[in-house]
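# A structural walkthrough
This is what each chain is made of:
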Amino acid sequence: QVQLVESGGGLVQPGGSLRLSCVASGSIRSIYAVAWYRQAPGKQRELVARMPRGGTTNYADSVKGRFTISRDNAENTVYLQMNSLKPEDTAVYYCNLGGSSSGGGYWGQGTQVTVSS
């Protein structure tokens, strides 16, 4: 019913910036909360940022002040602007639509972000 396609990942030096995008298509039957997660090698998946239908946007402490989640409803696209990137930001990043704060919903295939000099 719903397909999510992430893009924008790649190799970047510490201190650099990337903007990830997630384009949604298919049968969108409700207004979705949107979120970004990441999973680093050998570690569990963690929530990076979540924008609920109502309420305030939430960011992981490790990315506050550096990352910004946004949404363009007209283009069915979710973004994650990442600034001042650090090596510890290296992970596969996944977008999520319609999930709760504990997961669920629709998922994209992920996009690799590598921060290294």
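Reference entry: report on the structure contained in this document. (Residues numbered from 1 in each chain as written. Predicted model: local features only at pLDDT ≥ 70, side-chain atom pairs only at ≥ 80, totals over all residues. Heavy atoms only, no water.)

### Description of the state of the cysteines
Scanning all chains against the criterion turns up 1 disulfide. Disulfide partner of Cys22: Cys95, at an S-S distance of 2.0 Å. Judged by the sign of its S-S torsion, about 45 degrees, the cystine formed by Cys22 and Cys95 is right-handed. Of this pair, Cys22 sits in strand β3 (residues 18-26) while Cys95 sits in strand β9 (residues 91-97), placing them 73 residues apart in sequence. Cys95 matches Cys22 in its accessibility class, with the two residues each being buried. (Disulfide = S-S within 2.5 Å. Helix = DSSP H or I, 4+ residues; strand = E, 2+ residues; numbered from the N terminus. Buried < 20%, exposed > 50% of the residue type's maximum accessible area, 1.4 Å probe, protein only.)

### Concerning the nonpolar core
Buried together is how nonpolar side chains tend to be arranged in soluble globular proteins. Core analysis: the largest hydrophobic core is formed by 28 residues, its most contacted members being Trp36, Val48, Phe67, Ile69, Leu80, Met82 and Tyr93. Of all the secondary-structure elements, those providing two or more residues to this core are β1 (2-7), β3, β4 (34-39), β5 (46-51), β7 (67-72), β8 (77-82), β9 and β11 (111-115). Once residues within four sequence positions are removed from consideration, Val48 is found in contact with Trp36, Tyr37, Arg38, Asn58, Tyr59, Ala60, Val63, Phe67, Leu80 and Tyr93. (Core = buried A, V, L, I, M, F, W, Y, C linked by side-chain atoms within 4.5 Å. Contact = heavy atoms within 4.5 Å.)

### Let's talk about the sheet that holds β8
Within the open sheet, the 4 strands sit side by side as β1-β3-β8-β7. Their pairing is antiparallel. Two strands in the sheet have a free side with no partner beyond their single neighbour: β1 and β7. In this sheet, neighbouring strand axes are inclined to one another by 15 degrees on average, regardless of whether the strands run parallel or antiparallel. Relative to β8, β7 is paired through 6 bridges, and the arrangement is antiparallel. Paired with Asp72 across the bridge in β8 is Thr77. (Pairing = 2+ DSSP bridges. Axes fitted to C-alpha atoms, helices over the stretch in contact; angles between N-to-C directions.)

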